[in-house]
Amino acid sequence: SVPLGYFGGIGGASRHGILVKGANYLEALTDVRTVIFDKTGTLTQGVFEVNKIEAVNGYTEDQLLEIAATAEAHSSHPIAKSIRKKLAKEISQDLIESYEEIGGKGIRTVISGKSVLAGKKDLLLNNSVIVPDQEIREAGTLVYISVDGEYAGYLMISDREKEGAKESVAELNKAGITTVMLTGDHETVAKTVSEKLGVKEYHADLLPEDKVTWLEKYLEKEKGNGKVVFVGDGINDAPVLTRADIGVAMGGLGSDAAIEAADVVLMEDQPSKLLDAMDIARFTKKIIW
Ligand code: ADP
Ligand code: MG
């Protein structure tokens, strides 16, 4: 059983905007071996901006943007929000005849009788859309669009690292904790972000279920050594939050599902809050024994 003193630690943590859902999690936070971060919305701001539109096959940039924004009308993904923001006008909801969000890939929808795909290149390729091979140098997330099976162009979207993310990763590295980033985003973006932030290991192009597989590998590796933490915003990663020894959700951007699934909720979406939580846990342990 968990020493009573940890219950006091929970109160202390809550005064720092850290909600710990049980004394056992506070105790576990004193014994962390690996911290796995989700990328979008966790290490990066998750506030994307559309900074390039490439329209082909007779579409204008404005048309492509409008198609993309309509396809993304119902998605709460940060990418979707940035596309709607760029359009900056009302989307005609009654044009949307069907809608399906494919977790970690994008959107399949029917708009005014035309079937539209918006998302990763894979999503289009797997639906027999021919996407031209092109070398794209800038590091951004690409949202590819097709209309009735024909490629129509892409939008390039960029995100920025969170303030303090680099320092938090450095502190974890210094403490000898393994830092890892998991992302559904593509290799180029993952490599750039992890190098910029000093994250030791990363795995890119993951589907939500691949994230669970990776988490399980780290759990296996640390078995008997210590705890594995997963930190995410919960968009597409509630299953990993549940499976980790300690699932930590960013409470601000995060979805209700994430806050439900998490063991620890950070009210401010800052990676440094995880270090605060670990400090409070250590301090609590010290005054108990
Ligand atoms: P991360 O692991 O970085 O948090 P997600 O798992 O949420 O990312 O998404 C992985 C990738 O799937 C995104 O980088 C994007 O390419 C694509 N994607 C996911 N949702 C959408 C969407 N609503 N619209 C377009 N693309 C999307
Ligand atoms: Mg995410």
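The structure under discussion appears in the preceding block.
Residues numbered from 1 in each chain as written. Chains lettered and ligands numbered in written order. Predicted model: local features only at pLDDT ≥ 70, side-chain atom pairs only at ≥ 80, totals over all residues.

A.B. asks: Explain the overall build of the protein chain here, please?
C.D. replies: Along its length, the protein chain carries 12 helices and 13 strands. Rg of the C-alpha trace for the protein chain: 21 Å, near the compact-globule value of 19 Å for 289 residues, within the 12% margin. In terms of its C-alpha atoms, the protein chain occupies a principal-axis envelope of roughly 70 × 35 × 30 Å. Buried residues in the protein chain amount to 45% of all 289 residues. Counting only contacts in the protein chain whose residues sit at least 6 apart along the sequence, the fraction spanning at least 24 positions is 58%. (Helix = DSSP H or I, 4+ residues; strand = E, 2+ residues; numbered from the N terminus. Rg over C-alpha atoms; globule rule 2.2 N^0.38 Å. Buried ≥ 20, exposed ≤ 12 C-beta atoms within 10 Å, placed from the backbone. Contact = placed C-beta atoms within 7 Å.)

A.B. asks: Sorry if this is basic, but what is going on with the sheet that holds strand β5 (residues 106-111) here?
C.D. replies: Within a beta sheet, neighbouring strands are joined by backbone hydrogen bonds and run either parallel or antiparallel to one another. Judged by pairing direction, the sheet is antiparallel, and its six strands sit side by side in the order β3-β8-β7-β6-β5-β4 without closing on themselves. Single-partner strands in this sheet number two, and they are β3 (49-55) and β4 (96-102). For this sheet the average axis-to-axis angle between neighbouring strands, irrespective of direction, equals 15°. Bridge analysis of strand β7 (residues 141-147) against strand β8 (residues 150-158) gives seven bridges, and the strand direction is antiparallel. By the bridge assignment for β8, serine 146 is matched with tyrosine 151. Strands β3, β4, β5, β6 (114-119), β7 and β8 of the sheet are contacted by helix α4 (residues 61-71), whose axis makes an angle of about 120° with β3. (Pairing = 2+ DSSP bridges. Axes fitted to C-alpha atoms, helices over the stretch in contact; angles between N-to-C directions.)

A.B. asks: What am I meant to see in the site of ligand 1 here?
C.D. replies: Taken together, 22 residues lie near ligand 1, and Thr40, His77, Gly104, Gly184 and Asp185 sit nearest. Only α3 (39-43), α5 (78-87), β5, β6 and β7 provide two or more residues apiece to the shell around ligand 1. For the shell around ligand 1, the class distribution of residues is six nonpolar, 10 polar and six charged. (Near = placed C-beta within 6 Å. Nonpolar A, V, L, I, M, F, W, Y, C, P; charged D, E, K, R; others polar.)

A.B. asks: Looking at this model, I keep getting lost on the nonpolar core. Mind explaining?
C.D. replies: Ranked by internal contacts, the top residues of the largest apolar core, which has 51 residues, are Ile36, Val229 and Val248. In terms of residue count, the dominant contributor to this core is helix α12 (residues 272-288) (five residues). Setting aside anything within four residues of it in sequence, one finds valine 229 in contact with Val32, Val35, Ile36, Ala244, Asp245, Ile246 and Val248. (Core = buried A, V, L, I, M, F, W, Y, C linked by C-beta atoms within 7 Å.)

A.B. asks: Please clarify how the packing of helix α1 (residues 5-15) against α12 should be interpreted in this entry.
C.D. replies: In the contact formed by α1 and α12, the axes pass within 9 Å of each other and the chain directions differ by 150°. In this structure, α1 crosses over α12, and the sense of that crossing is right-handed. Between α1 and α12, the contacting residues are Gly5, Tyr6, Gly8, Gly9, Gly12 and Ala13 on the first element and Ala277, Ile280, Ala281, Thr284, Ile287 and Ile288 on the second. Residues belonging to the contact of α1 with α12 are distributed by class as follows: seven nonpolar, five polar and no charged. (Left-handed = near helix turned anticlockwise from the far one by under 90°.)

A.B. asks: How do you make sense of the sheet that holds strand β2 (residues 32-38) when you look at a structure like this?
C.D. replies: On the basis of which strands lie adjacent, the open sheet formed by seven strands has the order β1-β13-β12-β11-β2-β9-β10 and mixed pairing. Because the sheet does not close on itself, it has two edges, and the strands there are β1 (18-20) and β10 (201-203). Across this sheet, the average inter-strand angle for adjacent strands is 20°, counted without regard to direction. With five bridges connecting them, β2 and strand β11 (residues 227-232) associate as parallel partners. Within β11, the residue paired with valine 32 across the bridge is lysine 227.

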